[in-house]
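Each chain is listed here by its residues.
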Amino acid sequence: MSAFPDVEKIRYEGPDSTNPLAFRWYNEDEVVEGKTMKEHMRFSVVYWHTFRATGTDPFGSETMVRPWDDGSNSVENAQNRVRAAFEFIEKLGAPYYAFHDRDVAPEGSSLAESNSILDQVVKVLQEEQDRTGIKLLWGTANLFSNPRYMHGASTSCNADAFAFAACQVKKCLEVTLELGGVNYVFWGGREGYQNLLNTDMKRELDHMARFMHLAVDYAKEIGFTGQFLIEPKPKEPTKHQYDSDAAACINFLRAYDLMDSFKLNLETNHATLAGHTMMHELDYAGHQGALGSIDANTGDLMLGWDTDQFPTNYYLTTECMLTILKYGGLMPGGVNFDAKVRRESFEPIDLFHAHVGGMDAFARGLKTAAAIRADNALDDFVATRYESWDTGIGAEIESGQADMKSLESYMLEKKEASSNSSGRQEMLEHLFNRYLDSVR
Ligand code: XUL
Ligand code: CO
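Keep in mind the model is a prediction, meaning the values are calculated, not measured. (Residues numbered from 1 in each chain as written. Chains lettered and ligands numbered in written order. Predicted model: local features only at pLDDT ≥ 70, side-chain atom pairs only at ≥ 80, totals over all residues. Heavy atoms only, no water.)

A.B. asks: Can you lay out the site of ligand 1 for me, pointing to particular residues and giving the numbers?
C.D. replies: The immediate surroundings of ligand 1 are formed by W48, H100, W138, W187, E231, K233, E267, H270, D295, D306 and D338. The side chain of W48 places a nitrogen or oxygen atom 3.1 Å from an oxygen atom of ligand 1. Residue H100 places a side-chain N or O atom 2.7 Å away from an oxygen atom belonging to ligand 1. Notes on ligand 1: free accessible area 290 Å², of which the protein chains cover 94%. (Near = heavy atom within 4 Å. Polar contact = N/O pair within 3.5 Å; in protein donor to acceptor, adjacent residues only side chain to side chain. Areas by Shrake-Rupley, 256 points an atom, 1.4 Å probe, with all protein chains shown as cover.)

Below, the structure written as structure tokens:
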């Protein structure tokens, strides 16, 4: 039985199309900077928002109409949901998907039962992957919903919560390997604190690092060669999460000797909750050699929480793609839509509208970014802005030849620093808009 009987495969119809269920920019075979759009973007659909979100909010109950889902926790329902999900992803034309263990399969009454239920659903995931060619971008374990994780998982004060979480990650790594997943994500949903008065922060951070080392060691043991990723987020559900932003994550990875095993999975709404733009987070991870993958979404800047909306703003997607291209692209990561339709957009067709809009916005961002790069429109300006570092005293400082005394002799002789030149911010913002206008 079809879950989306009224929807045909979404096609590319070009910029002039007025069909809301067609791509105007995402033409998967179009080549940009030597790679197809499909290869650049590696679009991915998330299982949790797209197939498990019910539309509840703190003030109201379910709104989503999902005719293929009987609302029960049965294994059969979970398996049918997989078939509906793959029909959706196939019609959309996204090559990847991502899941948490507990989104795809319900939790049983013991670890053994949960593992066996997961296996029964993974069997259908494998069948559907084989049937459609859709691949797993990443797997992850949900270490935040069950009450046993109220104090955290790897950072819990309760050692048994750590032990249970380790078993979940062990199983999820095995399943991710079995399904050919290309990455494995850690999002520390409750790895942080609500109050420092009851928290041993040093001990919690040591435990979180131990947990990640255990995962890395186990991956080696079973032959999982996918990329490990940490997803930064500063708050929600906790007041302070240890993986608060790219810089904090990278410091943690270095301090605990994990830098070789991990990269980052950056999410736009998490960046803005941390008081950064997504471009900032991408650049920070990029220049540290840790840009892995992105959770594409957007927040509502009028609201202080993680609204996880679909990205539609060309300015944002252009900034993202400009930075991603600068650091050589997302591989083996992808553009993963960690985004959900609004509670009021409750019909199945809204899932298509949301993803088509998001994919198009990113494709257009890619084209705009490539046009800016083709003209070196920003790079030339930036290179000139820093040219005092290319020769003379700048080159001596960069190469380590200068010391405090040589800098003093230099300046005593020169008397005053050379004059500054304008940063031309407004000119560059105007130039950015010109590229946004001109792309076809
Ligand atoms: C939560 C979030 C997660 C992670 C995976 O804000 O982004 O869904 O992406 O656990
Ligand atoms: Co996310």
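A.B. asks: Please give an account of the nonpolar core that cites residues and values.
C.D. replies: L264 and F362 are the most contacted members of the largest nonpolar core, which has 113 residues in total. In terms of residues, this core owes the most to one element, helix α12 (residues 348-374), which gives eleven residues. In this structure F362 touches M41, F43, I294, A296, P311, T317, C320, M321, V335 and F337, once residues within four positions along its chain are discounted. Core analysis: the next-biggest nonpolar cluster, separate from the first, contains eight residues, Y96, A98, L137 and V185 among them. (Core = buried A, V, L, I, M, F, W, Y, C linked by side-chain atoms within 4.5 Å. Buried < 20%, exposed > 50% of the residue type's maximum accessible area, 1.4 Å probe, protein only. Helix = DSSP H or I, 4+ residues; strand = E, 2+ residues; numbered from the N terminus. Contact = heavy atoms within 4.5 Å.)

A.B. asks: Quick rundown of the environment of V439? Include the residues and the values.
C.D. replies: One can find V439 in the segment after α16 (425-438). Look at V439 and you get buried, because its relative accessible area is 7%. For V439, the contacting residues outside a window of four places in its chain are W25, R364, K367, T368 and A371.

A.B. asks: Break down the packing of helix α3 (residues 75-92) against α12 for me, citing the residues and quoting the values.
C.D. replies: Between α3 and α12, the least distance of the axes is 11 Å, while the angle of their chain directions is 40°. In this view, α3 runs oblique relative to α12, as classed from their interaxial angle. Judged by the twist between their axes, the crossing of α3 over α12 is right-handed. Of the residues in α12, those touching α3 at F88, K91 and L92 are L351, F352, H355, V356 and M359. (Axes fitted to C-alpha atoms, helices over the stretch in contact; angles between N-to-C directions. Parallel < 35°, antiparallel > 145°, perpendicular 65-115°, else oblique. Left-handed = near helix turned anticlockwise from the far one by under 90°.)

A.B. asks: A description of the coordination of the cobalt ion (ligand 2) should follow, citing residues and the corresponding values.
C.D. replies: Here the cobalt ion (ligand 2) is held by E231 (OE), E267 (OE), D295 (OD) and D338 (OD), and the distances to it run 1.9 to 2.1 Å. Around the cobalt ion (ligand 2), the six donor atoms sit at angles spanning 80 to 175°, and that spread fits a shape best called octahedral. Written as a sequence motif, the donor arrangement for the cobalt ion (ligand 2) is E-x35-E-x27-D-x42-D. With E231 in the loop between β10 (227-230) and β11 (240-241) and D295 in strand β13 (residues 291-295), this pair connects stretches of sequence that are 64 residues apart. For D295, a relative accessible area of 0% translates into the label buried. (Donors = N, O, S within 2.8 Å, 3.2 Å for Na, K, Ca; no water. Tetrahedral: all angles 85-135°; square planar, octahedral: opposite > 155°, others 65-115°.)

A.B. asks: Quick rundown of helix α8 (residues 246-255)? Include the residues and the values.
C.D. replies: Residues of α8 that are buried: A246, C249, I250, F252 and L253. Viewed end-on, α8 has its buried residues packed into an arc of 160°, placing them on one side of the element. Seen from the open side of α8, the exposed residues pointing more than 90 degrees away from its buried face are N251 and A255. Of the surrounding elements, those touching the buried residues of α8 are α7 (201-222), β10, β12 (262-267) and α10 (278-287). Following α8 by one or two positions, D257 has its phi on the positive side, about 55°. (Arc of directions from axis to C-beta.)

A.B. asks: Which residues make up the sheet that holds strand β14 (residues 335-337), and what are the values?
C.D. replies: Judged by pairing direction, the barrel is parallel, and its eight strands sit side by side in the order β5-β6-β7-β8-β10-β12-β13-β14 before closing back on the first. Direction aside, the axes of adjacent strands within the sheet are offset by 30° on average. Taken together, the two bridges between strand β7 (residues 135-140) and strand β8 (residues 183-186) define a ladder with parallel strand orientation. Its bridge partner being in β8, W138 is matched across the sheet by N183. Against the sheet, α7 engages β8, β10 and β12, with an angle of about 165° to β10. (Pairing = 2+ DSSP bridges.)

A.B. asks: Account for the packing of aromatic side chains, with residues named and values stated.
C.D. replies: If you walk through the whole model with that rule in mind, you get 27 aromatic pairs. Aromatic side chains F186 and F211 sit 6.1 Å apart centroid to centroid with 75° between the ring planes, which places their arrangement in the edge-to-face category. Here F186, found in strand β8, pairs with F211, found in helix α7; they are 25 residues apart in sequence, far enough to count as distant. Plain terms: the ring middles of F224 and F228 are 6.1 Å apart, the flat faces sit at 75° to each other, and that makes the pair edge-to-face. Like F224, the residue F228 is buried in the burial classification. Each residue in the set F162, Y184, F186, F211, F224, F228 and F262 is aromatic and connected to the rest through ring pairs, giving one cluster. A cation over a ring is seen here: R148 above F164, with NZ or CZ 3.6 Å from the ring centre. When the ring centre of W25 is taken as reference, the NZ or CZ atom of R364 above it lies at 4.6 Å. (Phe/Tyr/Trp six-rings, centres within 6.5 Å; stacked < 30°, edge-to-face > 60°. Lys NZ or Arg CZ within 6 Å of the ring centre and 35° of its normal.)

A.B. asks: Could you give an account of a nonpolar patch on the surface, with specific residues and numbers?
C.D. replies: Taken together, the side chains of V382, Y386, W389 and I397 define a hydrophobic patch exposed on the protein surface, amounting to about 360 Å² of accessible area. Here W389 shows up in the loop between α13 (379-385) and α14 (392-399). The exposure class assigned to W389 is partly exposed, which follows from its relative accessible area of 35%. (Patch = residues over 30% accessible without salt bridge, like charges linked within 9 Å, V, L, I, M, F, W, Y side chains within 5 Å. Salt bridge = Lys/Arg side-chain N within 4 Å of Asp/Glu carboxyl O.)

A.B. asks: An account of the environment of R210 is needed here, citing residue identities and associated values.
C.D. replies: Along the polypeptide, R210 turns up in helix α7. Each C-alpha atom, one on R210 and one on T155, is 10.0 Å from the other, the two residues being 55 residues apart in sequence.

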